[in-house]
Structure formats: structure tokens, C-alpha cells
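One letter stands for each residue in the lines below.
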Amino acid sequence: MLATIAGEYDLVLLDCPPGNEPLQAAAVAAARYALIPLKADMSSRKGVAAVAARMDSVVGLNPSLDLLGVVLVGTGTNSKQVHKVGSMIFQGGSPPLT
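Calculation criteria
- Counting restarts for each chain: residues are numbered from 1 in the order of the written sequence.
- The model is predicted, so local features are restricted to residues of pLDDT at least 70 and side-chain atom pairs to those at 80 or more, both for listing and for counting; the totals for chains, interfaces and linings are taken over all residues.
- Side-chain numbers come from the whole structure's heavy atoms, not from hydrogens or water.
- Definition of nonpolar core: a set of buried residues of the types Ala, Val, Leu, Ile, Met, Phe, Trp, Tyr and Cys, connected through side-chain atoms within 4.5 Å.
- The buried label goes to any residue with under 20% of its type's maximum accessible area, the exposed label to any with over 50%, and the partly exposed label to all in between, with areas taken from a 1.4 Å probe on protein chains only.
- Secondary structure follows DSSP: runs of H or I at least 4 residues long count as helices, runs of E at least 2 residues long count as strands, and numbering of each begins at the N terminus.
- Here, residues are in contact when the closest pair of their heavy atoms is within 4.5 Å.
- Handedness of a crossover is defined as follows: with both strands directed away from the viewer, a clockwise route from the first strand across the helix to the second makes it right-handed.

The tendency in soluble globular proteins is for nonpolar side chains to be buried as a group. If you look at the biggest cluster of nonpolar residues, it comprises 7 residues: Val28, Ala31, Ala34, Ile36, Met55, Val58 and Leu65. For this core, the elements supplying multiple residues, two or more each, are strand S1 (33–38) and helix H2 (42–58). Beyond its immediate chain neighbours, meaning those up to four positions away, Ala31 contacts Asn62 and Leu65.

Structure follows, in C-alpha cells:
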């Protein structure tokens, strides 16, 4: 569906709510790139595993899908947890899920 209008735009953003799994799967199946917003709270960090599984499930439908990265959102600049998680991600590690 997006292929018919893709040539008219430099960038098309598809923003999906976190709880709508079918919509998320459809969006990444149609996307060229994915960018995952992530809060530093525990439930959001655990949800990243579900997002990764969803992306894996559509790679067969969309082999050109690439993950651009993860963006920390909804945080204050003086939060210790934000700095801890951000530092781990920046260094190529995984934040703890406990």
C-alpha cells in the first residue's frame, strides 16, 4: 500500500501505540526502517523483547527491514535510571530486565 505513494515522499513515519500488536506487525512489515522509542522504566524495557520478536516475525515478509535503533523518550535529564540505561545501550550492551 505504501509503495504507491513512496516516491512522493522522502520519509513516511508510522507511529503505533504500544498495545496494538497487529498494527505494529503491519507497520514493520510495510517499513524499510524501524526506530523503537523506549522509556527507561522496567515494563518498557521488558516490552523491547516483544517488539524484537514482532520484528523477527515479519522479516520473511519484509527482508529489507532494518532496525535504525532505540531512542530513549519521556525522561528527565537528571534521572539516574535514564543515564544507566542510556549508557548501557550506547556501549552496545543490553539493559537488565530485572
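Within the secondary structure, Leu14 sits in the segment before helix H1 (21–30). Residue Leu14 is classed as partly exposed on the basis of its relative accessible area of 45%. With 13 residues separating them along the chain, Leu14 and Ala27 place their C-alpha atoms 6.6 Å apart.

Burial of the side chains of S1 is restricted to one face: Ala34, Ile36 and Leu38 are buried, whereas none of Tyr33, Leu35 and Pro37 on the reverse face is. Note on the crossover from S1 through H2 to strand S2 (residues 66–72): the handedness is right-handed.

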